[in-house]
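# A closer look at the structure
Listed below are the residues making up each chain.
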Amino acid sequence: MLKDSGTLWVIGSYHNIFRLGTALQDLGFWMLNDVVWRKANPMPNFRGKRFTNAHETMIWCARDKDQKRYTFNYEAMKQLNEGIQMRSDWLLPICSGGERLKIDGKKAHPTQKPEALLFRVLLASTNKGDTVLDPFAGSGTTGAVAKRLGRNFIGIERDPDYARIAKDRIMDIVPLSDEEIAAPPSKRSEPRVPFGIVVETGLLTPGAMLSDHGRRYQARVRADGTIVASNARGEHRGSIHQVGAAVQGAPACNGWTFWHFHAEGKLLPLDLLRQQIRARII
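Rules behind the numbers
- Residues numbered from 1 in each chain as written.
- Predicted model: local features only at pLDDT ≥ 70, side-chain atom pairs only at ≥ 80, totals over all residues.
- Heavy atoms only, no water.
- Pairing = 2+ DSSP bridges.
- Helix = DSSP H or I, 4+ residues; strand = E, 2+ residues; numbered from the N terminus.
- Axes fitted to C-alpha atoms, helices over the stretch in contact; angles between N-to-C directions.
- Contact = heavy atoms within 4.5 Å.
- Buried < 20%, exposed > 50% of the residue type's maximum accessible area, 1.4 Å probe, protein only.
- Lys, Arg positive; Asp, Glu negative; His and termini not counted.
- Salt bridge = Lys/Arg side-chain N within 4 Å of Asp/Glu carboxyl O.
- Polar contact = N/O pair within 3.5 Å; in protein donor to acceptor, adjacent residues only side chain to side chain.
- Core = buried A, V, L, I, M, F, W, Y, C linked by side-chain atoms within 4.5 Å.
- Parallel < 35°, antiparallel > 145°, perpendicular 65-115°, else oblique.
- Left-handed = near helix turned anticlockwise from the far one by under 90°.
- Nonpolar A, V, L, I, M, F, W, Y, C, P; charged D, E, K, R; others polar.

One open sheet accounts for 6 strands, arranged E13-E12-E11-E10-E14-E15; its pairing is antiparallel. Since the sheet does not close on itself, it has two edges, and those belong to strand E13 (234-238) and strand E15 (266-269), each with one partner. Mean inter-strand twist for the sheet, computed between neighbouring axes without regard to direction, equals 35 degrees. Bridging between strand E14 (residues 259-263) and E15 involves 4 bridges; their strand directions are antiparallel. Directly across from phenylalanine 261, in E15, lies its bridge partner leucine 268. Along the sheet, helix H8 (residues 240-248) makes contact with strand E12 (227-231), E13 and E14, crossing E13 at roughly 160 degrees.

Here it is in structure tokens:
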């Protein structure tokens, strides 16, 4: 599927994906991720002659290795995964039950994909109003999900029976409202807030004490927006990020989430103060 974002998704069995991946590389495409769809309820292997086929592989590609701008809704994927960064192995059920299209009691399409799979793909890599192309539309799962999420859709299908099924299916879809499909803003797009502004505006005063969530490390706020901390590794002065990394002996640290301030008997992350500043700016 090609989108306005300029990226491509392909899905299939191992042998097909291996051949497609090689062909895509020959054409200059750049692989961003290979994603494993692990089927929560795979069809069993009744003969018992080999392992049950319980996964399919997807490849997500950019047009070339120099492409800088493409859509990846990181925050939406994180929220979909209960606040944890989304991984490249997806546990989702196969298409079954009421979602499976049937004609005279038989499957309308032998390899109908679950809407949950395409929901995740489109939510991750497209935005409302983008155009999605599926050149092998089949039963229309991509088109149905695209319409529901407010994306435009172009589908190509050579089998007239499948094309008719897909068209009827997509026509019945009711798009979600703008509020229902609004993606959370990317943190990278939010205004940068230096910690010094928190001190300048009086949200924290010089001399205020900070600590990590476990109260293992303490630091004192200085008037210039730096902090100072002492531990067995020595005295550390610098930004909230530098000192947070130094006291832990870590290569890097997000000081906004590592350091906490004391308010009403509670420890609260500095990030709450950053959000207050951003609210004033916006």
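There's more to say after this.
Time to look at the side chain of aspartate 130. Topologically, aspartate 130 is positioned in the loop between helix H3 (115-125) and strand E8 (131-134). One buried charged residue, aspartate 130, remains without a salt bridge, the closest side chain of opposite sign being arginine 151 at 5.9 Å. At 2.8 Å, the side chain of aspartate 130 forms a polar contact with the backbone nitrogen of asparagine 127.

Turning to the nonpolar core, a few remarks are in order. When a protein is soluble and globular, its nonpolar side chains tend to lie buried together. Phe195, Leu204, Leu210, Val221, Ile227, Trp259 and Leu270 are the most contacted members of the largest nonpolar core, which has 24 residues in total. Contributions of two or more residues to this core are made by helix H7 (195-200), strand E11 (218-221), E12, H8, helix H9 (255-258), E14 and helix H10 (271-281). Among the elements that take part in this core, H8 stands out by supplying 4 residues, more than any other. Sequence-distant contacts of valine 221, that is, excluding residues within four places in its chain, are made with Phe195, Val199, Leu204, Thr205, Pro206, Gly207, Ala208, Leu210, Thr226 and Ile227. Ranked by size, the runner-up nonpolar core spans 22 residues in total, among them Trp60, Met77, Leu117 and Leu149.

Here the focus is the packing of H3 against helix H4 (residues 141-148). Packing of H3 against H4 leaves a shortest axis separation of 9 Å and a crossing angle of 55 degrees. Judged by the inter-axis angle, H3 sits oblique to H4. The handedness of the crossing between H3 and H4 is right-handed. Across the interface between the two elements, Glu115, Leu118, Phe119 and Leu122 of H3 pack against Thr141, Thr142, Ala144, Val145, Ala146 and Arg148 of H4. For the contact of H3 with H4, the class distribution of residues is 6 nonpolar, 2 polar and 2 charged.

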